[in-house]
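# Coordinate inspection notes
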Amino acid sequence: MADGSPVTARFDPYAARAQFPILSRTVNGKPLVYLDSAASAQKPRAVIGTLTGAMEGSYANVHRGLHTLANETTEAFEAARESVARLLNAPAASNIVFTKGGTEAINLVASSFGQSIQPGDEIIVSEMEHHSNIVPWHLLRERRGAVLKWIPVLDDGSLDMAAYAGLLGPKTRMVAVTHMSNVLGTINPVAEITRLAHAAGARVLIDGCQGAVHARPDVQAIGCDFYVFTGHKLYGPTGIGALYGTAEALEALPPYQGGGEMIETVERERVTYASPPHRFEAGTPPILEAIGLGAAIDWLEGFDREAVLAHEHALYDHARARLEGVNWLRVIGEAEGKGAILTFTVDGAHAHDIAQVMDRYGVAVRAGLHCAEPLAKRFGLTSSARASFALYNTVEDADAFVDALIKAREFFA
Ligand SMILES: *Cc1c(COP(=O)(O)O)cnc(C)c1O
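Just so it is clear, the structure is predicted and the values come from calculations on it, not from any experiment.

Criteria and thresholds
- Residues numbered from 1 in each chain as written.
- Predicted model: local features only at pLDDT ≥ 70, side-chain atom pairs only at ≥ 80, totals over all residues.
- Heavy atoms only, no water.
- Near = heavy atom within 4 Å.
- Polar contact = N/O pair within 3.5 Å; in protein donor to acceptor, adjacent residues only side chain to side chain.
- Areas by Shrake-Rupley, 256 points an atom, 1.4 Å probe, with all protein chains shown as cover.
- 1 Å grid on protein atoms, 1.4 Å probe; cavity = no way out; pocket = protein on both sides within 12 Å on 5 of 7 lines; lining within 4 Å.
- Sits in = over half its atoms within 2 Å of the grid points.
- Nonpolar A, V, L, I, M, F, W, Y, C, P; charged D, E, K, R; others polar.
- Helix = DSSP H or I, 4+ residues; strand = E, 2+ residues; numbered from the N terminus.
- Buried < 20%, exposed > 50% of the residue type's maximum accessible area, 1.4 Å probe, protein only.
- Pairing = 2+ DSSP bridges.
- UniProt positions renumbered as here; feature names shortened; annotations may be inferred.
- Axes fitted to C-alpha atoms, helices over the stretch in contact; angles between N-to-C directions.
- Contact = heavy atoms within 4.5 Å.
- Points joined across faces, edges and corners; volume = space filled by probe spheres on them.

Glancing now at the site of the ligand. Around the ligand, the surrounding shell holds 13 residues, and the nearest of these are Thr103, Asp207, Gln210, Thr230 and Lys233. Glycine 102 has a polar backbone atom sitting 2.8 Å from an oxygen atom of the ligand. Take threonine 230: an N or O atom from its side chain is 2.5 Å from an oxygen atom of the ligand. For the ligand, the accessible surface in isolation is 380 Å², of which the surrounding protein chains cover 88%. Placement of the ligand is best described as lying within the largest pocket. Its residues assigned to classes, the shell around the ligand shows one nonpolar, ten polar and two charged.

What follows deals with the side chain of arginine 81. Relative to the assigned elements, arginine 81 resides in helix 3 (residues 68-88). At a separation of 2.8 Å, a polar atom in the side chain of arginine 81 contacts the side chain of glutamate 78.

Looking now at the pairing of strand 14 (residues 341-346). Of all the six residues making up strand 14, six are buried; the element is thus mostly covered by neighbouring parts of the structure. Of the two faces of strand 14, the one carrying Ile341, Thr343 and Thr345 and the one carrying Leu342, Phe344 and Val346 are both buried. Of the pairings in the sheet, the one linking strand 13 (residues 329-332) to strand 14 comprises four bridges and is antiparallel in character. Directly across from isoleucine 332, in strand 14, lies its bridge partner threonine 343.

Our focus in this paragraph is the UniProt feature "domain: Aminotransferase class V" (unreviewed entry) in the protein. Sites flagged by UniProt as "domain: Aminotransferase class V" (unreviewed entry) map to residues 33-401. Secondary structure across residues 33-401 comprises 38% helix and 18% strand; the distance between its end C-alpha atoms is 8 Å.

With that out of the way, let us pick up the sheet that holds strand 14. Judged by pairing direction, the sheet is antiparallel, and its four strands sit side by side in the order 13-14-17-16 without closing on themselves. Unpaired on one side and paired on the other, strand 13 and strand 16 (366-368) mark the two borders of the sheet. Here the strands of the sheet are splayed against their neighbours by 30° on average, with no regard to which way each runs. Its contacts with the sheet place helix 12 (residues 305-322) against strand 13 and strand 14, and it is angled at close to 25° to strand 14. Each of strand 13, strand 14 and strand 17 (384-388) touches helix 15 (residues 395-412); the most contacted strand, strand 14, lies at about 10° to it.

Below, the discussion takes up empty space enclosed by the protein. What the rule picks out here adds up to four cavities of 30 Å³ or more. Here the largest cavity is characterised by a volume of approximately 70 Å³. Contributing to the lining of the largest cavity are 13 residues, with Val183, Leu375, Ala376, Leu381 and Ser384 lying nearest its centre. Of the residues contributing to the lining of the largest cavity, the split by class is eight nonpolar, five polar and no charged. The computed volume of the second largest cavity comes to approximately 40 Å³.

Following this line, the structure appears as structure tokens:
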């Protein structure tokens, strides 16, 4: 607990950290303390090397050549799809659609599934959603007359499950909820949420942009119809994410975008579409990015994932314990079993100013609304600061964070 996270036989954070070249740089003359991984994570050599290696050694367009480079690249691209399926415990690689990120994956489902939405159909989201899991559903409200219903968040940062049960009904078509909040760190009971939604006849989409990295993204145990995540928060490149869907749920979705690769035949008067996942991958996909994501997942699999999560939690607990009883600090979100995200406000100082002063000490934290304006409103905030812990952070980082925070507060006091 308060002694931080030591090196154990199961996980050595110092060895993991050494694989991230960027983490040895300085910022404002101080060693970098990177605590903004919930916004985007840094990349290990395994990913950097795979990207460089592909560009230097074997690259061509996928699925359309008979030549060696096209075949090699197609193999690497499809192997990445297998890696994603393993990460999520999906039944098969055909359950995985590559997208350019978490946002695009949710938009894919919203606009495709949304074609069957009738005026008055209800979509349930929660107050803790990222804008990416709100605005695509708002578009269905504006365009098709869907009604948005909101699961309230309780004071501790957990979902009001009793209120959720009361929102479900015969008009509920979709429940779209985050696995783990990017602000509160709350890990939601997504299997229970799914079970209740299915009992009401609704589809379920889980936003796993944080959960795929910092929780247990087992889609079969969760039972959801759709699960989305993004590569750049999982130590992979930007420009890549994935949508998992059950075979039945994907088969029921009409095409999202039109173009090459997503068709079976194209004639003057008619077109037929390829089966999932290719039906949803129009045009040249983000080939290098997908291969880089595959490398990130394969690299992550080299760690004991449970030990990594325990390490992240220990860092959170260490920082939290050092700040216990500090009367100028308000911590937002302390739900049971939450992930390693520490969001806070400081009395008498704006979160942006706190973050800027902390940067002078080399400590990178985020400040603002964190793309979750309804949640900020729920807690009566116009902004907050956030420190998010990842596998490469150490107890020295957690201490540097607390020390910089105390100095920043003194600066404004
Ligand atoms: C980052 C994030 C998103 C958006 O994903 P992008 O791939 O960056 O578009 C959505 N939901 C949550 C919870 C996130 O943390």
